[in-house]
Amino acid sequence: MTFRQTIFSLVVVGLSVGQAHAADPCADYVPQPKPQNVGRDIVGQELDQIQDQGHMLFAVYEDYPPYSWEEGGEPMGVDIEIARIIAEDLGVEARFNFVAAGENLDADLRNNIWRGALIGGRIANVMMRIPYDSAFKCRVEQVVFTGQYAGESIAIAYDKATYPDEKPVPAYFRFDTVGVENDSISDFYLSGFVGGQLQPNIRRFPTTAAAMDALNTGEVKAVMGPLGELEHGLSDTSDVHQPPLAGFAVSNWTLGVAVNFRYRPLSYSVDDAINYALQDGRIPAIYAKYGLTHQTPER
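Keep in mind that what you see is a predicted model, and the values were worked out from it rather than measured.

### What about the packing of aromatic side chains?
Next, step 1: Throughout the structure, instances matching the rule amount to seven aromatic pairs.
Next, step 2: Taking the centre distance of 6.1 Å and the plane angle of 45 degrees together, the rings of Tyr 163 and Tyr 172 count as tilted.
Next, step 3: Using a relative accessible area of 6% as the deciding quantity, one classes Tyr 163 as buried.
Next, step 4: Members of the aromatic cluster, joined through ring pairs, are Tyr 158, Tyr 163 and Tyr 172.
Next, step 5: For the cation-ring pair, Arg 129 lies above Tyr 67, with the distance from its terminal atom to the ring centre recorded as 3.5 Å.

### So, the nonpolar core
Next, step 1: By size, the foremost hydrophobic cluster in this structure holds 55 residues, and its most contacted members are Phe 58, Leu 109 and Met 128.
Next, step 2: Counting residues per element, this core draws most heavily on helix α4 (residues 78-90), at eight residues.
Next, step 3: Membership of the second largest hydrophobic core comes to 19 residues, among which are Tyr 163, Phe 173, Val 178 and Leu 255.

### Examining the pairing of strand β5 (residues 126-132)
Next, step 1: Within β5, six of the seven residues are buried, leaving the element largely enclosed by the surrounding structure.
Next, step 2: For strand β1 (residues 55-61) and β5, the ladder comprises two bridges, and the chain directions are parallel. Residue Phe 58 lies in a different strand from β5, and its bridge partner there is Val 126.
Next, step 3: Of the strand pairs in this sheet, β5 and strand β11 (residues 252-260) are connected by four bridges, and their pairing is antiparallel. Bridge pairing links Tyr 132 to Thr 254 in β11.

### Notes on the environment of Asn 182
Next, step 1: Tracing the sequence through the fold places Asn 182 in the loop between β7 (178-181) and α7 (185-192).
Next, step 2: On the accessibility criterion, Asn 182 (32% relative accessible area) is partly exposed.

### So, the packing of helix α10 (residues 264-279) against helix α11 (residues 282-289)
Next, step 1: The contact between α10 and α11 brings their axes to 5 Å, and the two run at 70 degrees. When the axes of α10 and α11 are compared, the pair comes out roughly perpendicular. Residues Ala 273, Ile 274, Tyr 276, Ala 277 and Leu 278 of α10 touch α11, and the partners they reach there are Arg 282, Ile 283 and Pro 284.

### Some points on the pattern of salt bridges
Side-chain pairs of opposite charge can arise whenever the charged atoms involved come near each other.
Next, step 1: Tallied over the entire structure, the rule returns seven salt bridges.
Next, step 2: Here Asp 176 ties to Lys 221 by a salt bridge, and the two come within 3.8 Å at their closest N and O atoms. Here Lys 221 lies in the loop between α8 (208-216) and β9 (222-226) and Asp 176 lies in the loop between β6 (143-159) and β7, a separation of 45 residues in the sequence.

### Some details on the side chain of Asp 79
Next, step 1: In this fold, Asp 79 is placed in helix α4.
Next, step 2: Since its relative accessible area comes to 2%, Asp 79 is described here as buried.
Next, step 3: Residues in contact with Asp 79, not counting those within four places in the same chain, are Tyr 67, Met 128, Arg 129 and Tyr 149.

### Comments concerning the confidence of the model for the chain
Next, step 1: Summing up the model confidence of the chain, the mean pLDDT is 87 and the portion of residues at 70 or higher is 83%.
Next, step 2: Below pLDDT 50 for its whole length, residues 12-22 participates in eight contacts with residues either more than four positions away or in separate chains.
Next, step 3: The model gives residues 35-44 a pLDDT under 50, and that stretch makes 22 contacts with residues more than four places away or in other chains.

### Describing the packing of α4 against α11
Next, step 1: As a packed pair, α4 and α11 sit with axes 10 Å apart at the nearest point and diverge in direction by 155 degrees. Classified by the interaxial angle, the pair formed by α4 and α11 is roughly antiparallel. Viewed along their axes, α4 and α11 form a crossing whose handedness is right-handed. Where α4 approaches α11, its residues Val 78, Glu 81, Ile 82 and Ile 85 are matched on the opposing element by Arg 282, Ile 283, Ile 286, Tyr 287 and Lys 289.

Rules of the game
- Residues numbered from 1 in each chain as written.
- Predicted model: local features only at pLDDT ≥ 70, side-chain atom pairs only at ≥ 80, totals over all residues.
- Heavy atoms only, no water.
- Phe/Tyr/Trp six-rings, centres within 6.5 Å; stacked < 30°, edge-to-face > 60°.
- Buried < 20%, exposed > 50% of the residue type's maximum accessible area, 1.4 Å probe, protein only.
- Lys NZ or Arg CZ within 6 Å of the ring centre and 35° of its normal.
- Core = buried A, V, L, I, M, F, W, Y, C linked by side-chain atoms within 4.5 Å.
- Helix = DSSP H or I, 4+ residues; strand = E, 2+ residues; numbered from the N terminus.
- Pairing = 2+ DSSP bridges.
- Axes fitted to C-alpha atoms, helices over the stretch in contact; angles between N-to-C directions.
- Parallel < 35°, antiparallel > 145°, perpendicular 65-115°, else oblique.
- Contact = heavy atoms within 4.5 Å.
- Salt bridge = Lys/Arg side-chain N within 4 Å of Asp/Glu carboxyl O.
- pLDDT = per-residue confidence, 0-100.
- Left-handed = near helix turned anticlockwise from the far one by under 90°.

Encoded structure:
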């Protein structure tokens with residue numbers, strides 16, 4: 001499963017819980033077992049130990065431009081640079097563990113933050129690009145969700161020659177082809193739009209990046225997906241906009257980081273580092289460096 005499919009699974013869960021308990025997302029909260037007997041070498045380290053050893057480990061998603069990927073063995077991307085800001089603020093070196101997305105966000109956090117994979121894998125001090133959801137936060141007690149550093153939202157990229165005047169909205173895709181990442185939230189939305197009338201014109205790709213390649217080569221006329229991924233894939237012939245999306249209950253979300261629940265001082269320091277970098281413009285500048293729009297998070 002890709003990270004975008006992990007986002008989709010979280011959104012579906014959030015919708016079902018949020019609709020049932022709009023006033024109190026934790027109304028049906030049932031405490032989960034905590035790994036009280038797990039050794040310190042597995043679940044992470046205290047802040048002072050991290051500073052003594054001189055480095056900290058960040059879990060980031062693999063092959064996920066523009067956010068985290070490797071180029072010639074060098075970590076690259078928005079999340080990589082934000083992680084380095086955090087580490088620098090704590091006075092240590094940032095090291096990275098590139099991980100594949102699990103079956104859902106619960107699995108990603110379990111494998112990378114609080115328990116570890118059953119076979120192989122490493123526990124990180126911090127995991128980047130974690131979607132924040134109040135209902136999900138209630139269910140996963142083993143993790144501190146903190147350091148909200150950006151927002152993300154759904155947008156539509158399009159071929160400028162095809163749409164020189166009016167920019168496309170979902171209803172246009174009854175006649176025009178549109179690309180989406182397979183099994184993503186955009187795929188789910190368009191597949192059910194106006195009773196499935198868009199289905200014949202939906203083209204599914206392994207990633208949003210692949211869909212953007214198809215847009216830029218003329219295979220499709222538009223692509224729907226997260227704004228940052230669309231902006232990263234734009235060419236001279238394409239552009240992006242964010243029209244109103246009728247019936248799209250969750251078209252935007254907040255992104256932050258995750259820290260093991262045992263290490264509150266570390267989570268506070270990470271949150272402070274991110275807050276400082278938001279206030280002084282360093283995080284928006286990183287987004288701009290990669291040609292992306294930084295969307296202010298809800299903190």
